[in-house]
Amino acid sequence: MSSKRRQGDGDQTENRKRRKKREEIAQLCSDIEEEAVKRSVKEAWSQRAHYSHGNLELDCSPFPHCIIQNFISSETFAENLQRELLELNFQEKSNDLYKFKQSDDLRKRTEPHIAGLRAALFGPFRFWLEEVLGVTLEPTVDISCAKYQYTDILLCHDDELEGRRVAFILYLLPPWQKSDGGTLDLFTTDSHFQPQTVAKSLVPSWNTLVLFEVSPVSFHQVAEVLSEDKCRLSLSGWFHGPSLERPPPHVEAHVPRSPHLPRDETLLLEWVNPTYLGISYQEHIQENFEESSEIQLKNFLKEEKFLEVSEALRGVEVHWTRRGPPNKRCYEVASTEIVPPCISACLELLRSEAFFLLLSNFTGLRLHFLCPNEDEDENEDAEKESGGQEDPSNGEATGSSTDSPSAKKKTQDKGNIKELSTPECVGELRRWSHGDYTLLHDGEAARAEYALDLTLPFGCSDWQSESGGFTSYVASEEDEELLTVYPEDNSLALVYRDKETLKFVKHINHRSCSQADCNSPARVFYDFSFVYYE
C-alpha cells in the first residue's frame, strides 16, 4: 500500500524531532574555568582561608561557602531558564520546618534551558567541585525549584542526610533587598555543634550561585520573605558523595520533673471557674475527653484572676530569656524565681496536689493517688471479652482511636508488671512573638512517652490562625496532622499523647505584626505550658 506524503510534512516532523531533542548549552562563569583560580580555591578551602577573584568569592566564616555571581554567562539563557521554571507546576510544602512552594524533581525535565543547566551542573561543574574538594561526587544530582513568597520560610537546619556532600542554590529572582526578607542566614555553632546565632546573611541576587559542604556545622535558614509582591525563585539541590565525619549527636539534659505541691482545694476555689468544680460536670468532661483524647475548657480561670495575670505578664517585673538552640526551638521563657505574686500563684495552682486531682477527674488518668487503679480489673475484663486476643487497634496515635487515654496505655503495658509511679509534671511560662517556633527533632522522638499536655494562653484575643503560633500534633515519622490547637484566651487545652505522637508550635509569621495596633509593638501572647506524667 502506498501513500503520498504532502509537501512539507517531512520538514515539520524533522522540526518536531529537533525541538524535542534540542538542549540549550549553558555556558558557566569563566572564572571557574581558569586553572589558577581552581588551584587557589582548592588551597583556600583546605586551609579555611578567604579567597576572592572576579565573580567568585570563598568565605569560611561561619563555615566555608562559595558565592559565584553571574554563574550563567549568558543573560539570555538565564532569563529563558527563569521563564521555563515559572511555568512549572508547584506544590505547597508546609510542616514544622518550612513553608514554600516546590516543583517536582527536575532531573528528567526536557525544557531546553532546564536540561541545559542540568547538563552543566552534572558535568563540568561537578568535575570542578571534585577537584576543589578532592572528593569523588556521584554523577546524578538532586535538583528542584522553589518559590518563596510572602511569609514563606525555611527554618534552621544543617541539610544532613545520608550521601549529601555539597548543597547549592542558584537565584533567579527580581531585584532584591535585605528588607524583602528571604536572606540565606548562616549560623555559628557551639562546642556541641549546636547552632547559636546568625553570623552572616546573604541577600539573594540574580544569577548568583551559593554552595557549601554539608557538615556538622552547616546550619542555615531561609529567613521569612517579607515582600508581599516579589517571588524569591531559586534552583537548589545537592551533589552526593562520601559524607563528612560527624560527632555523636548532642543529647540535651533532661528538664527535671517535680511531684505535686501539697496544696488543698482552697487554691481551686480561689482560681478556677466554679463551673469546672462540680463533680457531674467533671464526669461529663471526662466522657468527652476519653472519646478524643483532647478537650478545651473555655473561661477556665475566674475572670478577675485571668485579667490580673494578663496585666502582670505585660509588666516589666517578668524577666524573659530566649530558649534555643534554633534548630529545635525559638521563644522566650520567664524566670519563675522572681515574678509578680499572681503569676507565682498561678504556677503554684498548676503544680498543686488539688490540681493534679482535678486533672485526674477531667481525663481519667492516674495523676493522683485518689484516682482508682483499675489496671488489673480492666485487663481481666478485656481478656474475657476478647477471648485472650489483643485488640489490633491498640497503639494508634492521639486522635486516631476512640479508646480512652488510660485504656490505650494500660492495654499496651499489659503483661508488664510495673510498680505504680509518682505522678509528676514539668512546666514553663512562655512568651510568643513574630519569628518564634518549635521544631520536631530526633532527640524529642527518642524520648517520646505517654503524657498529658496542658496549655493556658493569655493575650491572644482575635489571634488569626494564618499568623502561626498554633500547636500541631503529628504522627511520628509521618506528615499526617492529627490535631491542631489554636491559642485562645483563658482556654485550658488538654491533649493526651502516646509514644508515637509529637508536637510543634508553628512559626509565627509577619502577619502577626499586622494584627497589632500601628501605635503598639508587634503582637505578643503568652502561655503556661505544662506536661503531666502518670
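Here, the structure is the one placed above.
Quick summary incoming for the structure in this document. (Residues numbered from 1 in each chain as written. Predicted model: local features only at pLDDT ≥ 70, side-chain atom pairs only at ≥ 80, totals over all residues. Heavy atoms only, no water.)

A few words on unusual backbone geometry. A cis geometry characterises the amide bond from S61 onward to P62, with omega recorded as 0°. Inspection of the secondary structure puts P62 in the loop between strand 2 (56-59) and strand 3 (65-68). Following G324, the chain continues into P325 via a peptide bond in cis, with omega recorded as 0°. For P325, the position within the fold is in the loop between strand 15 (320-323) and strand 16 (329-334). (Helix = DSSP H or I, 4+ residues; strand = E, 2+ residues; numbered from the N terminus.)

Take the pairing of strand 11 (residues 208-213) next. Counting buried positions along strand 11 yields 6 of 6 residues, so the element is predominantly enclosed. Covered by surrounding structure in strand 11 are T208, V210 and F212 together with L209, L211 and E213, the residues of both alternating faces. Where strand 3 lies against strand 11, 4 bridges are found, and the strand directions are antiparallel. Bridging from a neighbouring strand, I68 pairs with L209 of strand 11. One ladder, built from 6 bridges, connects strand 8 (residues 164-171) with strand 11; its direction is antiparallel. Each bridged residue has a counterpart across the sheet, and for V166 the counterpart in strand 11 is E213. (Buried < 20%, exposed > 50% of the residue type's maximum accessible area, 1.4 Å probe, protein only. Pairing = 2+ DSSP bridges.)

Turning to the packing of aromatic side chains, a few remarks are in order. Inspection of the entire model under this criterion finds 23 aromatic pairs. Plain terms: the ring middles of F125 and W128 are 5.5 Å apart, the flat faces sit at 15° to each other, and that makes the pair stacked. With a gap of 3 residues between them, F125 and W128 both fall in helix 4 (residues 112-133), about one helical turn apart. Residue classification places F125 among the buried positions, given a relative accessible area of 0%. What links up through ring pairs into an aromatic cluster is the set Y276, Y281, F300, F355, F356, F362, F530 and Y532. A cation over a ring is seen here: K230 above W176, with NZ or CZ 5.7 Å from the ring centre. The lysine or arginine in question, R430, covers the ring of Y331, its NZ or CZ lying 5.6 Å from the ring centre. (Phe/Tyr/Trp six-rings, centres within 6.5 Å; stacked < 30°, edge-to-face > 60°. Lys NZ or Arg CZ within 6 Å of the ring centre and 35° of its normal.)

Summed over all chains, the structure comprises 28 salt bridges. For E92, the salt bridge identified is with K101, shortest N-O distance 3.4 Å. Between R430 and D527 there is a salt bridge, and its shortest N-O distance comes to 2.8 Å. With R430 in strand 17 (residues 424-433) and D527 in strand 24 (residues 524-533), the pair connects residues that are 97 residues apart, well separated along the chain. Each member of the pair, R430 as well as D527, is classed as buried. Connected via shared salt-bridge partners are E35, K38 and E131. (Salt bridge = Lys/Arg side-chain N within 4 Å of Asp/Glu carboxyl O.)

Let us now look at empty space enclosed by the protein. Enumeration according to the criterion identifies 1 cavity of 30 Å³ or more in this entry. In this structure, the largest cavity encloses a volume near 100 Å³. Taken together, R430, W432, T455, P457, G469, T471, V485, Y486, P487, V505, F525 and D527 make up the lining of the largest cavity. Elements supplying a minimum of two residues to the lining of the largest cavity: strand 17, strand 19 (451-458) and strand 24. (1 Å grid on protein atoms, 1.4 Å probe; cavity = no way out; pocket = protein on both sides within 12 Å on 5 of 7 lines; lining within 4 Å. Points joined across faces, edges and corners; volume = space filled by probe spheres on them.)

Our next topic: the environment of L154. In this structure, L154 sits in strand 7 (residues 153-157). Overall, L154 belongs to the buried group, its relative accessible area being 13%. Residues L154 and S94 lie 60 residues apart in sequence; the distance between their C-alpha atoms is 9.6 Å. In this structure, L154 is in contact with L97, Y98, Y148, Q221 and V222, ignoring residues within four places of it in sequence. (Contact = heavy atoms within 4.5 Å.)

Within the secondary structure, Q282 sits in helix 6 (residues 279-292). Side-chain polar atoms of Q282 contact the backbone oxygen of Y276, separated by 3.1 Å. Here Q282 is in contact with Y276, L277, L358, N361 and F362, once residues within four sequence places are set aside. (Polar contact = N/O pair within 3.5 Å; in protein donor to acceptor, adjacent residues only side chain to side chain.)

Counting residues in hydrophobic clusters, the biggest one holds 48 residues, and the most contacted among them are F71, L81, L85, F125 and L235. A per-element tally of this core places helix 4 first, with 10 residues. Every residue in contact with F71, bar those within four places of it in the chain, is listed here: Q27, L28, C29, L117, L121, F125, L170, N207 and L209. Formed by 47 residues, the second largest nonpolar core is a distinct cluster that contains C342, L349, C425 and L452. (Core = buried A, V, L, I, M, F, W, Y, C linked by side-chain atoms within 4.5 Å.)

End to end, helix 4 covers 30 Å across 22 residues, agreeing with the expected 32 Å (1.5 Å per residue, within 8%). The sharpest bend along helix 4 comes to roughly 40°, located at F125. Along helix 4, 18 of the 22 residues are buried, which leaves the element largely enclosed by surrounding structure. Two residues or fewer after helix 4 comes G134, characterised by a positive phi angle close to 70°. (Expected span 1.5 Å × (residues − 1). Bend = angle between axes of the 7 residues up to and from the residue.)

Moving on to the pairing of strand 23 (residues 501-505). Buried residues dominate strand 23, accounting for 4 of its 5 residues. Where strand 20 (residues 471-475) lies against strand 23, 5 bridges are found, and the strand directions are antiparallel. Among the inter-strand pairings, T471 is bridged to a residue of strand 23, identified as V505.

Read these as layout, nothing more, since geometry by itself doesn't imply function.
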